[in-house]
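Next come the chains, spelled out residue by residue.
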Amino acid sequence: MSILEELVAARQSGKRLLAILLDPEKQAVADLPDFFQRIDSLAVTHFLVGGSTGSGTETDTLVRALKAKTNLPVLLFPGNYEQLSNSADGLLFLSLLSGRNPEYLIEQQVRAAAVLRQAPYEIMPTAYLLLDGGTESAVQRVSETLPLSQENIELILDTAFAAQLLGFKLLYLEAGSGASVPVRESVIDQVFKTVDLPILVGGGIRNTTALEAAYRSGATMVVVGTAFETAFSGF
């Protein structure tokens, strides 16, 4: 079964997937042994590697190091066309549909195409919706786009449904790294009822209450970053 098929099956069955996002610019390879000790009690199912900035060399180094220590899928979550690695198991091929900057709607994707034609890993077209998390996120700064207001549910739903009509296979709802407000339960719930795609939710998930709320509302996979260190002890 492919990674995408597993995600689709998880959406249909209600299985809860948990991914930890690692930024190659922030996660030192030398610290991975300690990192794996800290996540030993967590029900992690996937790792995501990527950041808003950074190089392909840093990405590849971290992916290789992760693959040497885990059998869990390691997926690329790139901030630009260079953040790729043939050692990864899959790629979230992102398009920032919440914004109108062509650089992140299609230009970065075109730049990656020549490499991706030869890629040995699974490529999953992913609609990426940046929502207002109460703070200016790195994605907002780098992409020079504004997030969608969580108050404007109709625009979020229309964008999500347009993504499905365009043939995207996954939908990522992102409140942004360091968000003070995660994606609301009501937003996840209504998106879940509007599209048939597996929904990934990230940004501002700092405790088990927020984690449970995201799952309960329809998230197939919840993505957490460094917050896992203290927030999910014993989860």
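Above this text you will find the structure in question.
Just so it is clear, the structure is predicted and the values come from calculations on it, not from any experiment.

*Asks:* Would you explain the side chain of threonine 145 in this entry?
*Replies:* Summarising the element assignment, threonine 145 is placed in the loop between α5 (138-143) and α6 (153-165). Here serine 143 takes part through its side chain, which lies 2.8 Å from a polar atom of the side chain of threonine 145. Ignoring any residue separated from it by four or fewer positions in sequence, one finds threonine 145 in contact with Leu96, Gly99, Arg100, Asn101 and Gln140.

*Asks:* Would you explain the pattern of salt bridges in this entry?
*Replies:* Close approach of charged atoms allows side chains with opposite charge to pair. Using the criterion set out here, one finds nine salt bridges in the structure. A salt bridge links aspartate 89 to lysine 67; the shortest N-O distance between them is 2.8 Å. Highlighted residues: aspartate 89 in the loop between β3 (74-76) and β4 (90-96) and lysine 67 in helix α3 (residues 56-67), separated in sequence by 22 residues. Note on aspartate 89: relative accessible area 26%, which makes it partly exposed. One salt bridge connects glutamate 103 with arginine 111, and the closest N-O pair in it is separated by 3.7 Å. Shared partners join several salt bridges into a network, and the residues in it are Glu103, Glu107 and Arg111.

*Asks:* How do you make sense of the sheet that holds β3 when you look at a structure like this?
*Replies:* Whether parallel or antiparallel, the strands of a sheet pair through hydrogen bonds between backbone atoms. Strand order around the closed barrel formed by eight strands is β1-β2-β3-β4-β5-β6-β7-β8, with parallel pairing between neighbours. On average, each strand axis in the sheet is inclined to that of its neighbour by 30°, with strand direction left out of account. Pairing of β4 with strand β5 (residues 122-130), which is carried by seven bridges, proceeds in the parallel orientation. Bridging across to β5, serine 95 finds its partner in alanine 127.

Quick notes on the rules
Note on numbering: residues in each chain are counted from 1, in written sequence order. Two thresholds apply to this predicted model, a pLDDT of at least 70 for residue-level local features and 80 or more for giving and counting side-chain atom pairs, whereas whole-chain, interface and lining totals are computed over all residues. Side-chain numbers here rest on the full set of heavy atoms in the structure, without hydrogens or water. Working definition: helices are DSSP H or I runs of at least four residues, strands are E runs of at least two. Numbering for both runs from the N terminus. Under this definition, polar contacts are N or O atom pairs within 3.5 Å; protein pairs additionally need one hydrogen-donor-capable and one acceptor-capable atom, and for neighbouring residues in sequence, both atoms have to be side-chain atoms. Any two residues whose heavy atoms approach within 4.5 Å at even a single point are treated as in contact. For this analysis, a salt bridge means a side-chain nitrogen from Lys or Arg found within 4 Å of a carboxyl oxygen belonging to Asp or Glu. Whether a residue is buried, partly exposed or exposed follows from its accessible area with a 1.4 Å probe, protein chains only, as a fraction of its type maximum: under 20%, in between, or over 50%, in that order. Each pair of strands is called paired provided DSSP finds at least two bridges between the two strands. Interaxial angle, 0 to 180 degrees, is taken between N-to-C directions of lines fitted to C-alpha atoms, where a helix line uses only the stretch in contact.

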